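Overview (structure and organization)
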Amino acid sequence: MGMSSGNGEEVREDREEGGEASDEGGVETKEVREGPGVEEAAAERLRELEQELARLREELVSEKEERMRLMGSVERLLRHLIGVAETVERVAGLYSLSDDSNARSLSEGLKMVSSSIEKVLREEGVEVIGDVGERFDPVVHEAVGFVESEQQEEGTVVSVVERGFAFRGKVLRPAKVVVAKRASRGEGGR
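Computed from a prediction, not measured in an experiment: that's the story for all the values here.

So, how was this worked out
- Residues numbered from 1 in each chain as written.
- Predicted model: local features only at pLDDT ≥ 70, side-chain atom pairs only at ≥ 80, totals over all residues.
- Heavy atoms only, no water.
- Pairing = 2+ DSSP bridges.
- Helix = DSSP H or I, 4+ residues; strand = E, 2+ residues; numbered from the N terminus.
- pLDDT = per-residue confidence, 0-100.
- Contact = heavy atoms within 4.5 Å.
- Buried < 20%, exposed > 50% of the residue type's maximum accessible area, 1.4 Å probe, protein only.
- Axes fitted to C-alpha atoms, helices over the stretch in contact; angles between N-to-C directions.
- Core = buried A, V, L, I, M, F, W, Y, C linked by side-chain atoms within 4.5 Å.
- Salt bridge = Lys/Arg side-chain N within 4 Å of Asp/Glu carboxyl O.
- Expected span 1.5 Å × (residues − 1).
- Polar contact = N/O pair within 3.5 Å; in protein donor to acceptor, adjacent residues only side chain to side chain.

**A closer look at the pairing of strand β9 (residues 170-173)**
- By the bridge criterion, 3 bridges tie strand β8 (residues 164-167) to β9 in an arrangement that is antiparallel. Within β9, the position partnered with Phe-167 by the bridge is Lys-170.
- The hairpin formed by β8 and β9 contains 2 residues between the paired strands, and Arg-168 there has a positive phi angle of roughly 55°.

Structure (structure tokens):
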């Protein structure tokens, strides 16, 4: 049977028991059958969907826990790589002080290894944190000493003893720093 949709197009309608009707928008509707079996089927389908939802929730929690374990492992690995790069750099510094040309060559090779490791760390998102002149922040800095200063504002980092590192906004290791404090005034200054 054909009907006009009002805009000159004909809409076809097929209706049979349990059949489907569609209009030009592609929306399909089903006739709802009533009876005792329908309620039971709907209740069963609801139970199935609730079980599926519970299973998906458990799976999501499990995947989140696994992702957190993996991130912890990545952070530990990065800390170790940072330590290795710094150790290699320190050893290179010691060899560079030697008068022996072989030791100096070894020093240059070790510096290249250290630089390569640091380059990889940077490429993977590790950043150096804690610079001279920054305001002391206990999240980013670890104060290992204080120095009286009239030139620097109190609470300013005046030197970095050991660089700090962060990965994806999380501090892997705070920078060890020396912080300025107000110069104490002697008795003559009162």
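**Some details on the confidence of the model for the protein**
- Looking at the protein as a whole, the pLDDT averages 84, with 78% of positions reaching at least 70.
- With pLDDT under 50 throughout, residues 1-23 is counted as low confidence; its partners more than four residues away or in other chains account for 35 contacts.

**Digging into unusual backbone geometry**
- The backbone of Arg-168 sits at a positive phi, close to 55°, despite the residue not being glycine.
- Position of Arg-168 among the secondary structure elements: in the loop between β8 and β9.
- You can call Arg-168 exposed: its relative accessible area is 65%.

**So, the sheet that holds β9**
- A sheet is described by the order of its strands in space; here 3 strands give the open sequence β5-β8-β9, paired in antiparallel fashion. Of all strands in the sheet, those bounded by a partner on one side alone are β5 (126-129) and β9. Taken over all neighbouring pairs, the strand axes of this sheet differ in orientation by 40° on average, direction set aside.

**Some remarks on the nonpolar core**
- Counting 9 residues, the largest nonpolar core consists of Leu-78, Ile-82, Ala-85, Ile-117, Leu-121, Val-126, Phe-165, Phe-167 and Leu-172.
- Secondary-structure elements contributing two or more residues to this core are α1 (36-96), α2 (101-123) and β8.
- Contacts of Leu-78, omitting those with residues within four sequence positions, involve Leu-121, Val-126, Phe-167 and Leu-172.

**Let's talk about the pattern of salt bridges**
- Per the stated rule, a full pass over the model turns up 13 salt bridges.
- The salt bridge involving Glu-75 is made with Lys-170; its shortest N-O contact spans 3.0 Å. Of this pair, Glu-75 sits in helix α1 while Lys-170 sits in strand β9; the two residues are 95 residues apart in sequence, bridging distant segments of the chain.
- The exposure class assigned to Glu-75 is buried, which follows from its relative accessible area of 9%.

**Here we look at the sheet that holds strand β7 (residues 157-162)**
- Ordered by their spatial adjacency, 3 strands build an open sheet running β6-β10-β7, and the pairing between neighbours is mixed. Every other strand in the sheet has two partners, leaving β6 (141-148) and β7 as the edge strands with one partner each. Strand after strand, the sheet turns through a mean of 30° between neighbouring axes, direction not considered.
- Bridge analysis of β6 against strand β10 (residues 175-181) gives 7 bridges, and the strand direction is parallel. Following the sheet pairing, Glu-142 is matched in β10 by Lys-176.

**As for α2**
- Look at α2: 33 Å from first C-alpha to last across 23 residues, which is about the 33 Å you get at 1.5 Å a residue.
- Where α2 begins, one side-chain oxygen reaches toward the backbone nitrogen of Asn-102, 3.2 Å away; that side chain belongs to Asp-100.
- Backbone geometry just after α2 places Gly-125 at a positive phi near 105°.

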